[in-house]
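One-letter residues, chain by chain:
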Amino acid sequence: MNLTIFGCGYSGTAIAKAFADSADHIVGTTRSPDKAAVLERDGIRAFVFDGAEISDALRADIKETTHLVQSIAPGKDSDPLIRLAGSDMRALMPKLEWIGYLSTIGVYGDHKGAWVDETVSVHPVSARSVERVEAEENWLSIGEANSIPVAVLRLSGIYGPGRNAFCNLERGTARRLIKKDQVFNRIRVEDIGAATRFLSDRGLGGIYNVTDDEPRAPQDIIVEAARLMGIEPPPEQPFETAELTPMARSFYGENKRVSNAKLRSLGFAFRFPEYRMSLSELWSSGRWRG
């Protein structure tokens, strides 16, 4: 197996780790030479890719790709890899057997706290989620046209080592915003890697929610992390009067409970299915800083 990860950042690196014992060759792209050096130290053959051009060296290397993960967010001018490669991925990667596309549960839009699964029609609210829907459709079409299974992984709020409530509390940036009945789903980054490997090993295509079991109010996570740290949580702030960036405020415009039943029904077992045991593991292992 030769794995290529376009956009080998936080989630992409976790995916690379999940494939480390099975892949003969792992390629990862990043936007900066400094990050490329970090990937190389982790055993990933790194290339700088800014979304504008595929270098000759990268183009030559990915000719051997059998498994592709696309983690780069689309922009106003569409998915960068589709834009550059065109609809025939086999011309770029003639040995391609499976594609994983990392999307977001943001494509569902607002459901006023109701449960949603993969059968629910998407109603994206933000421009970035509209772009995701288009990218999902394009990748699924490419898979169908080339007889390649494409798995769309709809991810919830990502956290894990180096990116979590403990880090925010330590930095003094954690906020306990209160919005009545608001809930969010989350996903540990290691479970993203494991789910990608699970779907890839089985050659599965389709749409899958990759998310925890227990959508909860965001302030609950801050309170639990503070308890584990033995400190007082930050004071409550009403959402309506809090100073937030437009992007931060937009997240609170969508309220839903996202089900992972489809992925579980296939036999996938989440290592970190709920936030309490996940935070406890991060804290007790000392890995929370990354």
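Presented here is an overview of the structure given in this document. Treat the numbers as computed from the prediction; the structure is a model and nothing was measured.

Ranked by size, the top nonpolar core spans 28 residues in total, and within it I5, I26, L199, V210 and L263 carry the most contacts. Leaving out residues up to four positions away in the same chain, V210 has contacts with L153, R154, L155, S156, I187, D191, I192, A195, L263 and F270.

For the rest of this paragraph, the subject is the environment of A73. Mapped onto the secondary structure, A73 falls in the loop between β4 (67-70) and α4 (80-85). Put simply, A73 and S129 are 56 residues apart on the chain and 9.9 Å apart in space, counted from C-alpha to C-alpha. Those residues within four positions of A73 in sequence are excluded, and the remaining contacts are P80 and R132.

Attention shifts here to the packing of helix α1 (residues 10-19) against helix α8 (residues 189-201). Viewed as axis vectors pointing N to C, α1 and α8 meet at an angle of 55 degrees, and their least axial separation amounts to 8 Å. One way to sum up the angle between α1 and α8 is to call them oblique. Here α1 runs over α8; the crossing is right-handed. Every residue of α8 that contacts α1 at Y10, S11, A14, I15, A18 and F19 is listed here: V189, I192, G193, A194, T196, R197 and S200. Taken together, the residues of the contact of α1 with α8 break down into 8 nonpolar, 4 polar and 1 charged.

Compared with the 18 Å implied by 1.5 Å per residue over 13 residues, the 19 Å span of α8 between its first and last C-alpha is a close match. For α8, the tally of buried residues reaches 11 of 13 residues, placing the bulk of the element in the interior. V189, E190, D191, I192, G193, A195, T196, R197, F198, L199 and S200 are the residues of α8 that are buried. Backbone geometry just downstream of α8 places G203 in the positive-phi region, at approximately 60 degrees.

Read from one edge to the other, the open sheet built from 7 strands follows the order β3-β2-β1-β4-β5-β7-β11, with strand pairing classed as parallel. What marks the edges here is a single partner per strand, and that holds for β3 (45-48) and β11 (206-210). Recorded for the sheet is a direction-independent mean angle of 20 degrees between the axes of neighbouring strands. Pairing geometry for strand β5 (residues 98-104) and strand β7 (residues 150-155), over 6 bridges, is parallel. Counterpart to I99 in the pairing with β7 is V150.

Our next topic: the pattern of salt bridges. This structure, assessed with the given rule, holds 21 salt bridges. The partner of E214 in a salt bridge is R216, and the shortest N-O contact between them spans 2.8 Å. Relative accessible area serves as the criterion here: at 18%, E214 is assigned to the buried category. Each member of the salt-bridge network shares a partner with another, and the members are E214, R216, D220, E274 and R276.

It is worth spelling out the pairing of β11 at this point. Taken across its 5 residues, β11 has 4 buried, putting it largely inside the fold. The pairing of β7 with β11 spans 5 bridges and is parallel. By the bridge assignment, R154 is partnered in β11 with N209.

What follows is about unusual backbone geometry. Here the phi dihedral of S78 falls at roughly 80 degrees; this positive angle occurs in a residue that is not glycine. Along the chain, the position of S78 falls in the loop between β4 and α4. Backbone geometry at K112 places phi at a positive 55 degrees, although glycine is not the residue there. Structurally, K112 is set in the loop between β5 and β6 (115-116).

Bringing the side chain of E131 into the picture now. Considering the arrangement of structural elements, one finds E131 in helix α6 (residues 127-146). K76 provides the closest opposite charge to the buried, salt-bridge-free E131, at an N-O distance of 6.5 Å. In contact with E131, other than residues within four places in its own chain, are P74, G75 and K76.

Attention now moves to the packing of aromatic side chains. A full pass over the atoms with the stated rule returns 9 aromatic pairs. Seen in terms of ring centroids, F184 and Y252 are 5.3 Å apart; in terms of plane orientation they differ by 85 degrees. Their pairing is edge-to-face. One end of the pair, F184, is in the loop between β9 (176-178) and β10 (186-188); the other, Y252, is in the loop between α10 (246-251) and β13 (257-258), with 68 residues separating them in the sequence. Considering the side-chain rings of F239 and Y252, the 4.7 Å spacing of their centres and the 25 degrees angle between planes classify their relative orientation as stacked. Placement of the pair is F239 in the loop between β12 (236-238) and α10 and Y252 in the loop between α10 and β13, with a sequence separation of 13 residues.

Calculation criteria
- Residues numbered from 1 in each chain as written.
- Predicted model: local features only at pLDDT ≥ 70, side-chain atom pairs only at ≥ 80, totals over all residues.
- Heavy atoms only, no water.
- Core = buried A, V, L, I, M, F, W, Y, C linked by side-chain atoms within 4.5 Å.
- Buried < 20%, exposed > 50% of the residue type's maximum accessible area, 1.4 Å probe, protein only.
- Contact = heavy atoms within 4.5 Å.
- Helix = DSSP H or I, 4+ residues; strand = E, 2+ residues; numbered from the N terminus.
- Axes fitted to C-alpha atoms, helices over the stretch in contact; angles between N-to-C directions.
- Parallel < 35°, antiparallel > 145°, perpendicular 65-115°, else oblique.
- Left-handed = near helix turned anticlockwise from the far one by under 90°.
- Nonpolar A, V, L, I, M, F, W, Y, C, P; charged D, E, K, R; others polar.
- Expected span 1.5 Å × (residues − 1).
- Pairing = 2+ DSSP bridges.
- Salt bridge = Lys/Arg side-chain N within 4 Å of Asp/Glu carboxyl O.
- Lys, Arg positive; Asp, Glu negative; His and termini not counted.
- Phe/Tyr/Trp six-rings, centres within 6.5 Å; stacked < 30°, edge-to-face > 60°.

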